[in-house]
Amino acid sequence: MTDSGFPFLSVLTLAPLVGAVVVACIPRSKPKLAKIVALVWSLAVLGLSIAMWVAFQVGGARFQFRESYPWIPTWDARFTLAADGIALVMLLLIAVLVPVVILASWHDVDETQRSASTYFALLLAFEFTMIGVFAAADVFLFYVFFEVMLIPMYFIIGSFGGARRQYAAVKFFLYSLVGGLFMLAAVIGLWVLGGKTFDFAELTRAAADIDTNTARWLFLGFFIAFAIKAPFFPFHTWLPDAGGAAPVGAAALLVGVMDKVGTFGILRYCLPLFPEASRWFAPAALVLAVIGIIYAALLAVGQNDLKRLVSYTSIAHFGFIGMGIFAFTTQAGTGSVLYMVNHGLATGLLFLVVGMFIARRGSAQVSDFGGAGKLLPVLAGIMFFAGLASLALPGTAPFVSEFLVLIGTFTVHPAYAVIATAGIILAAAYVLWMIQRTTQGDLNPALAELPEMRRDITLREKVVVAPLVLLLLLLGFYPKPVTDVINPAVQATMQDVGTTDPAPTAVANGKVAP
Amino acid sequence: MEKLQLPPIDYRALAPMLILFGVACVGVLLEALLPRRARHTVQLSLALLACVAAFIMVIRERGTRTITIGTAVAVDGPTLFLQGAILVLGVVSLLLIGERTVEPGGAFVAEAALTVGSQKDLRQTTGAAGGTEVYPLVLFALGGMLMFVSANDLLTMFVALEVFSLPLYLLCALARRRRLLSQEAALKYFLLGSYASAFFLFGVALLYGYANGVHFNQIHAAIANPARSQVLLYGGLALLAIGLLFKAALAPFHVWTPDVYQGAPTPVTALMAACTKVAAFGALLRVLYVGFEGVRWDFQPILGTIAVLTMLVGAVLAVTQTDIKRLLAYSSIANAGYLLVGVLALNEAGVSSTLFYLVAYGFSVLAAFAIVTLVRDADGEATHLSRWAGLGRRSPLFAGVFTFILLAFAGIPLTSGFTSKFAVFGAAVEGGQTWLVIFGVITSMLIAFPYLRVVVMMWLSEPGDSTPAVSIPGFLTSAALTIGVIATLALGVLPAPLLDLSDKAADFVR
């Protein structure tokens, strides 16, 4: 049954799966057909998600588009899908990024012996698991998608990645699986103690009666899984390897969307289910977040591999997101969710542009570039924009979210906010230094000899970057449509945790918690 | 003189066993009567028919809850469920055993006793049709397993143990390739199995002394009476348990498993991994839940330690294996540990989750060994892991199927491996055995690594010159493989029907 007219979420979830099967069935000898079908299919999914965005009632019920079908009655696990504002923006983010990434990966498989239909089918399969994770409103279903999403990404990294792909793929899989199994233990514990149901609402009620100590253990089970996925310091070491080895498009999805499952999970499951444990753990989480901001930024400064560098910057950004969540103010929380969206756009763009450079140079080493801007002025300009967006320059979307996180945190934990501000300075350092070493300065003579380096941005690449650039500018100047959707969901989550904001906030349209 | 009174016998309830034993005897006669050409087809069809007929009887008797033939046999929910499981898995194993197109003449030799390397032996190794006595042997083994899970006293259980073990010892020695390894496996299995049987029998003797009887009822009643000798009780239980733990391949009584799994003909390995496991855990469930329920808190920590040890041994040693059959053997040891976690939940959910796990695991392991029979070169199966490198490039379909099965073993959702692990862990947490679940989760992490290593081998390595091609499977192997894979997927995506069934079947009669 659904309470909206159209079963938006189940169609949205299953459509990419069907698309993946269709694309996988296209024979290997017709790579072009596979690409076109995959692109058209992902655009259809995007269209559907935009329709859902329009149908979403801002200020309406917290969970909308709810659908629930019986699945495993013995365990009371149901196929329940529902979206609150946080899930909605994440769904839209993945729907936007997948067609962009498919277009950006257009020639990635051409030179290898690999089958294009497999690669694009895996991308769609990955979209299926991502949408499932964000749409699930049944704890069991969420866990299923949470684990299954490893498989397409594992094969993307392992089969289509760069030099160290085997090592990176296995490390990625094992890290995530370890986190997943911690969560499995917690899910089982929650199920037994929560009255043998997986229904999110009932579990939230039942979880209140679990004794403090047990609840803290269960919280930790969930938290470790999400912290590894996010990745928070000190669980982050898989990301630079995975991001460095994955093909560029997949890396953009990995860092742009998949990582958000971690922070999304904390917001959706850790905080409402275990409010007391969340408050108990908040100081530690804040410390980890701040360490992550500074430490990953310092490491990013020292990287010579472009893809690894971007991966480290995103670990630093996840520190901000984590800090915003555990500050427990609506302002910081809204900033965090907005940051999840903006980071997906900005880092996705940065990854894709860096990928365009790497494809031309045939190397990801910063030292192999130098003065590339003289040969590729437009592409270098876009990279500069992506870098500025990534370091949260005012006028670009990430600025709004970073600002909200910092002032939201400052009102309750000024010390952390002040230290985190140092991260912004470091961000400027790693971004500007990277751009200077690759695009500015004297022209590296090796570059001038490569014919590819004389080919500035192509039409296809313009189509790839245009939507992301536009969205980053648009949301930088006018974030209201997104914050309007996020804000009520974040407020509800913060009420679940039982914190009250220190002072009335004026975020977005100023709906203030009573 | 008192007139000997025969106990009433419920033949309908015993029909599945009677069918199998009867057809097995007919099969022995047919060996002597039929011409050699006709034997394979007739014996295979007869064996399959017998299993199907027995399975139909199990379904028709599904409501039966009775103790019959004196107190020797109990037919109740777990019995019928386990018998059904053994028969279904037995049919699939028979399909693998009957395959003759993948390897000319089948996986078995006609005469195991020929000196290895002699002219006659070489002739029978390369191409001569294999013996057909395997089919009656398999039927005897399956019949013994049906009896094992329904035995309601320790002597019946001992008889059943021998009835199903002896044919298995023989079957192990019949491999067509690597004859020495096969014979060594059979000898090892036979010797260790005999020791285990001896322990079992000694345990029965002590328990007879304790309870003045061997029926589970008498033991149950005796435990309620604190005046009896605790030494006899615990000594008897310990010795009895050794016999059962051996069959279930639980540490530290698991050492035979890798050698026997490696040496036996692969279809027989599949039969042992799927059906023997069902039988062994079925008996363990009945002994612990019906006979010794009164001392559950005494054996729980000891068996819990064994479960932890088994999971650790299976997971850790699987990491170091370089032979796919040995890897699957250690994986089956680890799975035995998870099954024991379900058994030790000591509640109704424990029974039903164990039943579910046994079926789910049986199908997956049959599919896994079906693939192993297909990856081969001129010398037979290529079981060394290095030979599997790049298989994904050579035969994407089979590498894909095997990957799926490995993901099931690793417990990834949407496979039966996840559902069954969830079921046993859930039952154990409910039964207050959280510590077992924690070890279960830790070892699940460890054992994911060897599975992943095989996946990496198959997909992410370049094929070498020595990478064998995958044989085109014959109809029988295709059927077995398809059944195994579909069951693994179905029990992962839509497990509700079997979960319901196992829930309803979780009632023992006493």
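Residues numbered from 1 in each chain as written. Chains lettered and ligands numbered in written order. Predicted model: local features only at pLDDT ≥ 70, side-chain atom pairs only at ≥ 80, totals over all residues. Heavy atoms only, no water.

1. A look at the overall build of chain A
What counts is decided by this rule: Helix numbering and strand numbering both begin at the N terminus, where a helix is a DSSP run of H or I of at least 4 residues and a strand a DSSP run of E of at least 2. Atoms counted for the radius of gyration: C-alpha only. Globule rule: 2.2 Å times residue count to the power 0.38. In this scheme, a residue with accessible area under 20% of its type's maximum is buried, one over 50% is exposed, and one in between is partly exposed, where area comes from a 1.4 Å probe on protein chains only. We call two residues contacting when some pair of their heavy atoms lies within 4.5 Å. Methods summary: accessible areas were calculated by the Shrake-Rupley approach with a probe of 1.4 Å, and residue burial reflects only the protein chains presented. Positive charges are assigned to Lys and Arg, negative charges to Asp and Glu, while His and the chain termini are left out of the count. Here the site of a charge means NZ on Lys, CZ on Arg, CG on Asp, or CD on Glu.
Helix and strand counts for chain A stand at 22 helices and 2 strands. Scaling as 2.2 N^0.38, a compact globule of 514 residues should have a C-alpha radius of gyration of about 24 Å, and chain A matches this with 22 Å. Counting only C-alpha atoms and orienting by the principal axes, one finds that chain A spans roughly 70 × 55 × 40 Å. Of all 514 residues assigned to chain A, the portion counted as buried reaches 65%. When contacts within chain A are restricted to residue pairs at least 6 apart in sequence, those whose partners lie at least 24 apart make up 80%. Surface exposure of chain A reaches about 16700 Å², of which carbon and sulfur atoms provide 67%. Side-chain charges in chain A split into 30 positive and 28 negative, and the spacing between the mean points of these groups amounts to 6 Å.

2. A closer look at the overall build of chain B
Broken down by element type, chain B carries 20 helices and 4 strands. Its C-alpha radius of gyration of 22 Å places chain B within 12% of the 24 Å reference for a compact globule of 510 residues. Dimensions of chain B, computed from the C-alpha atoms along their principal axes, are close to 70 × 55 × 40 Å. A fraction of 81% describes how many contacts in chain B between residues 6 or more apart in sequence connect residues 24 or more apart. If you sum the accessible surface of chain B, you get close to 17500 Å²; carbon and sulfur atoms cover 69% of it.

3. Focus on the interface of chain B and chain A
Interface size, as often reported, equals the accessible area lost upon joining of the parts. For clarity, the threshold we go by: The quantity reported as buried area is the accessible area (1.4 Å probe) lost by two parts once they are put together, taken as the sum for both. Whenever a carboxyl oxygen of Asp or Glu lies within 4 Å of a side-chain nitrogen of Lys or Arg, that contact is scored as a salt bridge.
On the chain A side, the residues contacting the 33 residues of chain B number 35 residues. Carbon and sulfur atoms supply 81% of the area buried between chain B and chain A, which totals about 3100 Å² over both sides. Together, F422, M445 and L460 of chain B form the three largest contributors to the area buried by chain B at its contact with chain A, with a combined 23%. Here chain B and chain A share 1 salt bridge between them. Among the ionic pairs, K196 of chain A bridges to E430 of chain B, the shortest N-O distance being 2.6 Å.

4. Some remarks on the pairing of strand 1 (residues 64-72) of chain A
Residue and element names in this part refer to chain A. Basically, it comes down to this: When DSSP finds two or more bridges between two strands, those strands count as paired.
The pairing of strand 1 with strand 2 (residues 77-83) spans 6 bridges and is classified as antiparallel. When the sheet's bridge partners are listed, P70 is paired in strand 2 with R78. The hairpin turn running from strand 1 into strand 2, its antiparallel successor, is 4 residues long, and D76 in that turn takes a positive phi close to 60 degrees.

5. What about the UniProt feature "domain: NADH:quinone oxidoreductase/Mrp antiporter transmembrane" (unreviewed entry) in chain B?
Note the threshold: UniProt positions are given in the numbering used here, feature names are shortened, and annotations may be inferred rather than shown by experiment.
Under the local residue numbering, the UniProt record ascribes the feature "domain: NADH:quinone oxidoreductase/Mrp antiporter transmembrane" (unreviewed entry) to residues 151-446 of chain B. As annotated, residues 151-446 of chain B comprises 78% helix and 1% strand, and the C-alpha atoms at either end are separated by 37 Å.

6. Things to note about the packing of helix 13 (residues 324-343) of chain B against helix 17 (residues 416-430) of chain B
Residues and elements named next belong to chain B. Cut-off, in case you're wondering: To get an axis, a line is fitted to the C-alpha atoms, and for a helix only the part in contact is used. The angle between two axes follows their N-to-C directions and goes from 0 to 180 degrees. Orientation labels follow simple angle bins: below 35 degrees gives roughly parallel, above 145 gives roughly antiparallel, 65 to 115 gives roughly perpendicular, and whatever is left gives oblique. Crossing handedness follows the turn of the near helix against the far one: under a right angle anticlockwise gives a left-handed crossing, and clockwise gives a right-handed one.
Two elements in contact, helix 13 and helix 17, have axes separated by 8 Å at closest approach and are oriented at 40 degrees. In terms of axis orientation, helix 13 runs oblique to helix 17. Our pair here, helix 13 against helix 17, has a crossing hand that is left-handed. From helix 13, Y338, V341 and G342 reach across to helix 17, where they touch K421, V424, F425 and A428.

7. Some thoughts on unusual backbone geometry
Each neighbour pair has its own omega, and for F233 of chain A with P234 of chain A the value is 0 degrees, a cis peptide bond. Tracing the backbone through its elements, the reader meets P234 of chain A in the loop between helix 9 (212-229) and helix 10 (238-245). In this model, A251 of chain B is joined to P252 of chain B through a cis peptide bond whose omega is 0 degrees. Position of P252 of chain B relative to the elements: it lies in the loop between helix 9 (230-248) and helix 10 (256-263). For F65 of chain A, which is not a glycine, the phi torsion comes out positive at approximately 55 degrees. Among the structural elements, F65 of chain A can be located in strand 1. Although it is not a glycine, L414 of chain B adopts a positive phi angle of roughly 70 degrees.

8. Digging into the UniProt feature "domain: NADH:quinone oxidoreductase/Mrp antiporter transmembrane" (unreviewed entry) in chain A
With numbering matched to this structure, UniProt assigns "domain: NADH:quinone oxidoreductase/Mrp antiporter transmembrane" (unreviewed entry) to residues 136-421 of chain A. As a span, residues 136-421 of chain A carries 80% helix and 0% strand, and end to end its C-alpha atoms are 35 Å apart.

9. Some points on the pattern of salt bridges
Summed over all chains, the structure comprises 23 salt bridges over all chains. In this structure, the salt-bridge partner of R66 of chain A is D199 of chain A, at a minimum N-O distance of 3.7 Å. A residue pair is termed long-range when its members are at least 10 positions apart, and R66 of chain A in strand 1 and D199 of chain A in the loop between helix 7 (165-193) and helix 8 (200-207) qualify at 133 residues. With relative accessibility at 16%, the residue D199 of chain A sits in the buried group. The shortest N-O distance in the salt bridge between R39 of chain B and E31 of chain B comes to 3.8 Å. As far as the burial class goes, R39 of chain B and E31 of chain B line up, both buried.

10. Points about helix 1 (residues 11-33) of chain B
All names here are of chain B. Rules: The angle between axes fitted to the seven residues ending at a residue and the seven residues starting there is what we call the bend at that residue.
Of all the bends in helix 1, the greatest, near 40 degrees, is centred on M17. Buried within helix 1 are the following residues: A13, L14, A15, P16, M17, L20, F21, V23, A24, G27, L30 and E31. Of the surrounding elements, those touching the buried residues of helix 1 are helix 2 (36-60), strand 1 (66-68), strand 2 (73-75), helix 3 (77-98), helix 5 (134-150) and helix 6 (154-172).

11. Quick notes on the environment of I405 of chain B
Residue and element names in this part refer to chain B. Summarising the element assignment, I405 is placed in helix 16 (residues 396-410). Relative accessible area serves as the criterion here: at 0%, I405 is assigned to the buried category. The sequence separation of I405 and L366 amounts to 39 residues, and the corresponding C-alpha distance is 9.9 Å. With residues near it in sequence (within four places) discarded, I405 still touches S364, A367, A368, V485 and T488.

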